[in-house]
Amino acid sequence: SGFLYDKQWIRRLYRCADKVIAVSNYVKNDLIERYKISDKKVVVIPNVSVCHKSPHPPIMPWGYGNKAVVCVGRLDPVKRHERIIRAFSYVYEEQPEAKLIIVGDGKQKNYLTAVCQKMGLEKGVFFAGAAVDVGYYLQHADVFVMASRVEGFPNAMVEAMAYGLPVVTTDSPGGCGEIVGKERSSDEIQYCEYGILTPRMEGKASGQEQLLKEEELLGMGMLALLEDNALHQEYSEKARKRAEDYGEEKIMPLWDAIASGN
């Protein structure tokens, strides 16, 4: 809601553009269907995936073990970290040595800390803060998880895939399902071509410790990758392959084509 989403304003403004760039097919369809932008104007150009090299020396110790799940994003309601924390409780119950590392900072820090306490995860969840060296966590973690309310194009997820991190994501509105190879909508867990997809989560998290179905399925996806080495290896290789589709050598020519009027 608000000025930036006003349909009439967007229609008037975008009519002045020669091209409108959408970062995913979901966004393109949304612009056409919701905002009535001409499909001839809308071109899909995903964001570029970058594999950042860590400035830390290789000998820098990794203190989170070999069952580490990482998520990257500001601590904001749209990222739904509380859902990830609750889902991780399913993992922690089965694998007490597992760790969830939340990389990012924001206004929900105190709230999320309280959720950890309520779920008995004080020793299982770590808040890394707004790290400059995100690559350090992506190099060493075992699984990447995302459960945002909406993601036009999930940069953090594709960057994690460039490091070979297997991905578990909810089927949020936006590009998440598209990137992992979603073929259909489902209220069950899906083992897609490039990652694991679980149902989107509606509304607010329950105040009870008992998990909702969607949270439990997200936990099941994380646990599967931590326990099944063959599955982990398969999705690690596929993640790297998928990230190549968003490399500079493939994405920048699309911008060059727009600039040249093609």
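Residues numbered from 1 in each chain as written. Predicted model: local features only at pLDDT ≥ 70, side-chain atom pairs only at ≥ 80, totals over all residues. Heavy atoms only, no water.

Before going further, it helps to examine helix 4 (residues 109-118). Listing the buried residues of helix 4 in full gives L112, V115 and C116. On an axial view of helix 4, the arc spanned by its buried residues comes to 100°, and they lie on one face. In this fold, the buried residues of helix 4 make contact with helix 3 (81-94) and strand 5 (125-129). Positive phi shows up at G120, right after helix 4, with a value of about 70°. (Buried < 20%, exposed > 50% of the residue type's maximum accessible area, 1.4 Å probe, protein only. Helix = DSSP H or I, 4+ residues; strand = E, 2+ residues; numbered from the N terminus. Arc of directions from axis to C-beta. Contact = heavy atoms within 4.5 Å.)

Looking now at a nonpolar patch on the surface. Together, F3, L4, Y5, W9 and L13 give the surface a local cluster of nonpolar side chains, amounting to about 590 Å² of exposed area. With respect to the helices and strands, the residue L4 is situated in the segment before helix 1 (7-15). Judged by relative accessible area, L4 falls into the exposed class, the value being 66%. (Patch = residues over 30% accessible without salt bridge, like charges linked within 9 Å, V, L, I, M, F, W, Y side chains within 5 Å. Areas by Shrake-Rupley, 256 points an atom, 1.4 Å probe, with all protein chains shown as cover. Salt bridge = Lys/Arg side-chain N within 4 Å of Asp/Glu carboxyl O.)

Moving on: empty space enclosed by the protein. Across all of its chains, the model carries one cavity of 30 Å³ or more by this definition. Of the volumes computed, that of the largest cavity is approximately 60 Å³. Mapped onto the lining of the largest cavity, the elements with two or more residues apiece are strand 3 (68-72), helix 3 and strand 6 (143-146). The residue makeup of the lining of the largest cavity, split by class, is seven nonpolar, three polar and one charged. (1 Å grid on protein atoms, 1.4 Å probe; cavity = no way out; pocket = protein on both sides within 12 Å on 5 of 7 lines; lining within 4 Å. Points joined across faces, edges and corners; volume = space filled by probe spheres on them. Nonpolar A, V, L, I, M, F, W, Y, C, P; charged D, E, K, R; others polar.)

It is worth spelling out the sheet that holds strand 4 (residues 99-103) at this point. If you walk across this open sheet you meet the seven strands as 5-4-3-6-7-9-8, and the pairing is mixed. Of all the strands in the sheet, just strand 5 and strand 8 (190-191) have a single pairing partner and so form its edges. Bridge analysis of strand 8 against strand 9 (residues 196-198) gives two bridges, and the strand direction is antiparallel. The residue bridging Y191 from the neighbouring strand is I196, located in strand 9. (Pairing = 2+ DSSP bridges.)

We now examine the layout of surface pockets. Each pocket or cavity is described by its volume, and for the largest pocket that value is around 730 Å³. Taken together, 21 residues form the lining of the largest pocket, with Y5, V27, D30, Y35 and V150 sitting closest to its centre. Taken together, the elements giving at least two residues each to the lining of the largest pocket come down to helix 1, strand 1 (20-22) and helix 2 (25-35). The biggest single contributor to the lining of the largest pocket is helix 2, with six residues.

The next thing to look at is the pattern of salt bridges. Taken as a whole, this structure holds 12 salt bridges when the rule is applied. For D30, the salt bridge goes to R34, with nearest N and O atoms at 2.9 Å. Placement of both D30 and R34 in helix 2 is noted, with a separation of four residues, approximately one turn of the helix. On the accessibility criterion, D30 (23% relative accessible area) is partly exposed. We classify R34 as partly exposed; its relative accessible area is 42%. Here R83 makes a salt bridge to E215, at a shortest N to O gap of 3.6 Å. Residue R83 is located in helix 3, and its partner E215 is located in helix 8 (residues 213-227); the two are separated by 132 residues in the primary sequence. Neither residue differs from the other here; R83 and E215 are each classed as buried.

Turning to the packing of aromatic side chains, a few remarks are in order. Taken as a whole, this structure holds seven aromatic pairs when the rule is applied. Centroid distance W62 to Y137: 6.2 Å. Interplanar angle 70°. Geometry classified as edge-to-face. Note that W62 is positioned in the loop between strand 2 (42-44) and strand 3 and Y137 in helix 5 (residues 134-140), a separation of 75 residues in sequence. Looking at Y137, the relative accessible area reads 12%, which means it is buried. Look at F88 and Y92: their rings are 6.1 Å apart centre to centre, the planes differ by 35°, and that puts the pair in the tilted class. Here Y92 and F88 lie together in helix 3, a separation of four residues that amounts to about one turn. Each member of the pair F88 and Y92 is classed as buried. Ring-pair connections join several aromatic residues into one group, and the members of that group are W62, Y64, F126, Y136 and Y137. The residue whose ring lies beneath K238 is Y235, and the NZ or CZ to ring-centre distance is 5.9 Å. (Phe/Tyr/Trp six-rings, centres within 6.5 Å; stacked < 30°, edge-to-face > 60°. Lys NZ or Arg CZ within 6 Å of the ring centre and 35° of its normal.)

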